[in-house]
Amino acid sequence: MTNDFNSAMRRAGELVRAGKPTAATEEIQTALGVGGLGGMSKNSKNPFGRTSIGRGLRETLAGLAPSAMTGGDGPEPSLPEGARFDSDTFSCAAGSRDYRVYIPNLKGAAPAGLMMMLHGCKQSPIDFANGTGMNQLADEHGLILVYPAQSRGANMQSCWNWYSPADQMRDSGEPAILAGLMQQLQRDHSIAKGRSFVTGLSAGAAMAVVLGQTYADVFDAVGTHSGLPYKAAQDVPSAFVAMGQGATGSNTGETIPTIIFQGDADSTVNAANAQAIADTSAPSGTELLDDGTTGGRSYSRRTVLAPAGHSVMEEWMIAGLGHAWSGGDKAGSYTDPAGPDASREMLRFFLDLPAKAA
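Overview of the structure. (Residues numbered from 1 in each chain as written. Predicted model: local features only at pLDDT ≥ 70, side-chain atom pairs only at ≥ 80, totals over all residues. Heavy atoms only, no water.)

## Let's talk about the overall build of the chain
Scanning the chain from terminus to terminus reveals ten helices and twelve strands. The proportion of buried residues among the 358 residues of the chain is 57%. For the chain, the share of sequence-separated contacts (at least 6 apart) that also reach a separation of at least 24 residues comes to 68%. When the accessible surface of the chain is totalled, it reaches about 14,200 Å², and 49% of it is carbon and sulfur. (Helix = DSSP H or I, 4+ residues; strand = E, 2+ residues; numbered from the N terminus. Buried < 20%, exposed > 50% of the residue type's maximum accessible area, 1.4 Å probe, protein only. Contact = heavy atoms within 4.5 Å. Areas by Shrake-Rupley, 256 points an atom, 1.4 Å probe, with all protein chains shown as cover.)

What follows is the structure, encoded as structure tokens:
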């Protein structure tokens, strides 16, 4: 790319951070022309044979504009008798983050596992808990949940910095903080081997992928909803390109069981990114394709089976779903009550994985 292109993209990032998405759109459109990056073609009829899904960058930026970000704290989730939703702060050499931890009434039993929930931009732990309904499922399954909160000091829009090189490495930045928090809770609650998971929405999903690639010894499986592959971007401008046009991503050599949800009408994160996550993160194996209709929305699903017969990768493509948690609760932001219940399907996928030897 030329120096003019790089300068234009830097200015676009500054305009977005300043809350001027329209001006940023025009800057990026100019930059794409300077850099020779044309629009992407329409997706093919086969949702798993596509090379890209086209959309304008105006829609991408509009989805990130402060006026479109309706996430807030919302009401505290109701607590069943004996359950707790505690607040705390975790600190380590890489930094610190506040977090909430949901502990159901286990009635003296050992927890079935531990799952980290990474919210999207302009969201909070409370908002994400309300929207996904995951606390209620944790009650059903005896699962402990941890909801880290991104600091406004680290990102003004409360996005996890998945696109920053310093936050894409082991023993550095946000991956080190989040993995350290997870390890502390694993010790505190005597979590069994093979029962530690991470999932997220949008920027949180992209960071979940980062954790799966950099800390596969801490996290046993990854769930993503509307996310991006590892190292899809290196800065704010390239993040917008990856979100708007799709990215191929990279791989550290780690493969980790992964379940992926994506709407084919998502105008914020290009649906081609879902396939890239599967291609760069998940184990190989026998592939199955199926489709169906749930909750008023049709879906296509690609499943990869391990030799033992259990699923090690699922890619769900939801017809007509935008940038929202499938089957979510309107009590939270970025949710769509229609379609498959992403929360329930993720937990089913995680808990069906075989246990590991102690």
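Here the narrative resumes.
## Remarks on the environment of Gln 186
Relative to the helices and strands, Gln 186 resides in helix 6 (residues 173-188). Separated by 72 residues in sequence, Gln 186 and Leu 114 place their C-alpha atoms 7.4 Å apart. Gln 186 has contacts with Leu 114, Ile 191, Ser 196 and Val 218, leaving out every residue within four places of it along the chain. Looking at Gln 186, its side chain comes within polar contact range of the main-chain oxygen of Val 218, at 3.0 Å. (Polar contact = N/O pair within 3.5 Å; in protein donor to acceptor, adjacent residues only side chain to side chain.)

## As for the side chain of Ser 226
Within the secondary structure layout, Ser 226 lies in the loop between strand 6 (221-225) and helix 8 (236-245). Accessibility expressed as a relative area gives 0% for Ser 226, which makes it buried. Within the structure, the side chain of Ser 226 is placed 3.0 Å from the side chain of His 225, a separation counted as a polar contact. Filtering out sequence-adjacent residues up to four positions away, Ser 226 remains in contact with Leu 201, Ser 202, Ala 205, Phe 261, Gln 262, Asp 266, Val 269, His 323 and Ala 324.

## Concerning the state of the cysteines
Scanning all chains against the criterion turns up one disulfide. Each sulfur of the disulfide joining Cys 121 and Cys 159 lies 2.0 Å from the other. Because the torsion about its S-S bond is 125 degrees, the bridge between Cys 121 and Cys 159 counts as right-handed. Here Cys 159 lies in the loop between strand 4 (143-148) and helix 6 and Cys 121 lies in the loop between strand 3 (113-118) and helix 4 (125-132), a separation of 38 residues in the sequence. We classify Cys 121 as buried; its relative accessible area is 12%. Look at Cys 159 and you get buried, because its relative accessible area is 11%. (Disulfide = S-S within 2.5 Å.)

## Overview of helix 8
Within helix 8, ten of the ten residues are buried, leaving the element largely enclosed by the surrounding structure. Taken together, the buried positions of helix 8 are Val 236, Pro 237, Ser 238, Ala 239, Phe 240, Val 241, Ala 242, Met 243, Gly 244 and Gln 245. Positive phi shows up at Gly 246, right after helix 8, with a value of about 95 degrees.

## Examining the packing of helix 6 against helix 7 (residues 203-214)
Contact geometry for helix 6 and helix 7: axes closest at 10 Å, N-to-C directions at 80 degrees. By the criterion of interaxial angle, the relationship of helix 6 to helix 7 is roughly perpendicular. Of the residues in helix 7, those touching helix 6 at Glu 174, Pro 175 and Leu 178 are Met 207, Val 210, Leu 211 and Thr 214. (Axes fitted to C-alpha atoms, helices over the stretch in contact; angles between N-to-C directions. Parallel < 35°, antiparallel > 145°, perpendicular 65-115°, else oblique.)

## Here we look at the pattern of salt bridges
All told, the structure shown has 15 salt bridges when counted by the stated rule. Between Arg 84 and Asp 86 there is a salt bridge; the shortest N-O distance is 2.7 Å. Given a relative accessible area of 43%, Arg 84 falls into the partly exposed group. Of the charged contacts in the structure, one is a salt bridge between Arg 344 and Glu 140, with a shortest N-O distance of 3.2 Å. (Salt bridge = Lys/Arg side-chain N within 4 Å of Asp/Glu carboxyl O.)

## With respect to the packing of aromatic side chains
Under the definition given, this model contains eight aromatic pairs. With 5.9 Å between their ring centres and 70 degrees between their planes, Phe 85 and Tyr 102 make a pair best called edge-to-face. In this pair, Phe 85 is assigned in strand 1 (residues 84-92) and Tyr 102 in strand 2 (residues 95-103), connecting sequence segments 17 residues apart. Between the aromatic rings of Phe 349 and Phe 350, the centroid separation amounts to 6.0 Å while the plane-to-plane angle is 65 degrees, which identifies the pairing as edge-to-face. (Phe/Tyr/Trp six-rings, centres within 6.5 Å; stacked < 30°, edge-to-face > 60°.)

## So, helix 10 (residues 342-351)
Structurally, the α-helix is built with 3.6 residues per turn, so residues lying three or four positions apart point the same way. Among the residues of helix 10, Ala 342, Ser 343, Met 346, Leu 347, Phe 349 and Phe 350 are the ones counted as buried. Relative to the axis of helix 10, the buried residues are bounded by an arc of 160 degrees and lie together on one face. Two or three places before Ser 343, at the opening of helix 10, Asp 341 has a side-chain oxygen 3.2 Å from that residue's backbone nitrogen. (Arc of directions from axis to C-beta.)

## Regarding the sheet that holds strand 10 (residues 311-318)
Taken together, the ten strands give an open sheet; going across it, the order is 1-2-4-3-5-6-7-10-9-8, and neighbouring strands pair in mixed fashion. Both outer strands of the open sheet, strand 1 and strand 8 (286-294), are each paired with one neighbouring strand and no more. Strand after strand, the sheet turns through a mean of 15 degrees between neighbouring axes, direction not considered. In the sheet, strand 3 pairs with strand 5 (residues 196-201) via five bridges, with the strands oriented parallel. What sits directly across from Met 116, in strand 5, is Val 198. Set on the sheet, helix 4 makes contact with strand 1, strand 2, strand 3, strand 4 and strand 5; between it and strand 4 the angle comes to about 135 degrees. (Pairing = 2+ DSSP bridges.)

## Considering the pairing of strand 3
Most of strand 3 is tucked away: six of the six residues are buried. Side chains of strand 3 alternate between two faces, with Gly 113, Met 115 and Met 117 and Leu 114, Met 116 and Leu 118 buried alike. Relative to strand 4, strand 3 is paired through four bridges, and the arrangement is parallel. By the bridge assignment, Leu 114 is partnered in strand 4 with Ile 144.

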